[in-house]
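So the chains spell out like this:
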Amino acid sequence: MRTSKVYAVLARAIVDAPFRESLFRNGRQTLEEWDLSDGEQAYLQELPYGSFEKMVGHLISHWLVPVTVNDRYVVLPERVGDYDTDEMIPLRLASSFAFGNGAHPTTALCLAALDEMIRPGFRVLDLGTGSGILSIAAALNDAGLVLSLDIDATSAAAAEENIRLNSVEKIVEVRQGSLTEALAVCHASGGFDLALVNILTPVVLSLLDDGLCEVLRPAGVLVCSGIVSGEVPMMKQTLRNAGLARFETKEKDGWAAVISQRPPISDKKR
Ligand code: SAH
């Protein structure tokens, strides 16, 4: 499957902001000049370059044209005026290199999980917000508040701009940061009902190790994405070991999102 072949390179693009920016600006030159690991090179050798370029192009396609994510969401370029979105929810994104315009399966999977799990008034954490797309969708689905965090300053700035573009700045607060900032908010004002973490398996595993589950209030839901389908059993086992339960997996084009829940207090007492 195409998506899994470019996994190693796109995986790096998700977590390594300077690499991503360079890849988007000039994919071919980046692959020649950057130090690619053996794994990254092996994946690329199997892939026709045209397919790779197309894939990178998808990640910035919202600069120019609307991106239909699924039957519920359409991402509109910043400058497109009135656009007939039919029954779909329009999300407007500025032309930045921050990740997340809905063209990539991991984002689409998170949006589908969000739709299924969110309830009005929910406190939502978007850890690794990128463009802020998930935070905007949460706010438009009546979240009570959304905390939007990214370790990358450029992404946090892009998310902030996009949050303003969609007029949800009263609900969404963007900060540069990660788990430490999320836990500080939990201690100050309570845990989250829903946490969305679309980063990548190694990063998600290390966040779990550092106490990611503690951001959830009892019965709170965690959506982990950026997982390759083959990694799902291992991810579920890790989540189980961390005390989470009630697993549901969504898959698309070789990628997966795993939904799990912190047990409600009544379950703990049993
Ligand atoms: N939420 C968006 C973007 C996902 S890309 C979507 O679903 O499309 C993952 C983002 O996580 C990137 O912007 C990257 O900068 C950020 N990130 C990577 N490691 C992180 C960490 N440890 N803590 C917080 N953010 C992180």
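Residues numbered from 1 in each chain as written. Predicted model: local features only at pLDDT ≥ 70, side-chain atom pairs only at ≥ 80, totals over all residues. Heavy atoms only, no water.

A. Quick peek at the site of the ligand. The immediate surroundings of the ligand are formed by 19 residues, with Thr 107, Gly 128, Asp 150, Ser 178 and Asn 198 found nearest. At 2.7 Å from a nitrogen atom of the ligand is found a side-chain nitrogen or oxygen belonging to Ser 178. Relative to its unbound accessible area of 580 Å², the ligand is 95% covered by the protein chains. For the shell around the ligand, the residue count by class is seven nonpolar, nine polar and three charged. (Near = heavy atom within 4 Å. Polar contact = N/O pair within 3.5 Å; in protein donor to acceptor, adjacent residues only side chain to side chain. Areas by Shrake-Rupley, 256 points an atom, 1.4 Å probe, with all protein chains shown as cover. Nonpolar A, V, L, I, M, F, W, Y, C, P; charged D, E, K, R; others polar.)

B. Local environment of helix α9 (residues 153–165). End to end, α9 covers 19 Å across 13 residues, agreeing with the expected 18 Å (1.5 Å per residue, within 8%). In this fold, the buried residues of α9 make contact with α3 (17–25), β3 (89–93), α8 (133–140), β5 (145–150) and β6 (172–176). Just downstream of α9, Ser 167 is the residue with a positive phi angle, here 55°. (Helix = DSSP H or I, 4+ residues; strand = E, 2+ residues; numbered from the N terminus. Expected span 1.5 Å × (residues − 1). Contact = heavy atoms within 4.5 Å.)

C. Summary view of the confidence of the model for the chain. Across the chain, the average pLDDT comes to 90, with 96% of residues at or above 70. Across residues 1–5, where pLDDT falls below 50, the model places 13 contacts with residues more than four positions away in sequence or in other chains. (pLDDT = per-residue confidence, 0-100.)

D. A look at the environment of Ala 8. In this structure, Ala 8 sits in helix α2 (residues 7–15). Sequence separation of Ala 8 and Ala 42 is 34 residues, and the distance between their C-alpha atoms is 9.1 Å. Those residues within four positions of Ala 8 in sequence are excluded, and the remaining contacts are Gly 39, Glu 40 and Tyr 43.

E. Looking closely at the packing of aromatic side chains. A complete count under the given rule lists three aromatic pairs for this structure. Aromatic side chains Phe 19 and Trp 34 sit 5.2 Å apart centroid to centroid with 70° between the ring planes, which places their arrangement in the edge-to-face category. Placement of the pair is Phe 19 in helix α3 and Trp 34 in the loop between α4 (27–33) and α5 (38–45), with a sequence separation of 15 residues. Using a relative accessible area of 28% as the deciding quantity, one classes Trp 34 as partly exposed. A network of ring pairs unites the aromatic residues Phe 24, Trp 63 and Phe 97 as a single cluster. Lying across the ring of Phe 19, Arg 12 places its NZ or CZ 4.3 Å from the centre. (Phe/Tyr/Trp six-rings, centres within 6.5 Å; stacked < 30°, edge-to-face > 60°. Buried < 20%, exposed > 50% of the residue type's maximum accessible area, 1.4 Å probe, protein only. Lys NZ or Arg CZ within 6 Å of the ring centre and 35° of its normal.)

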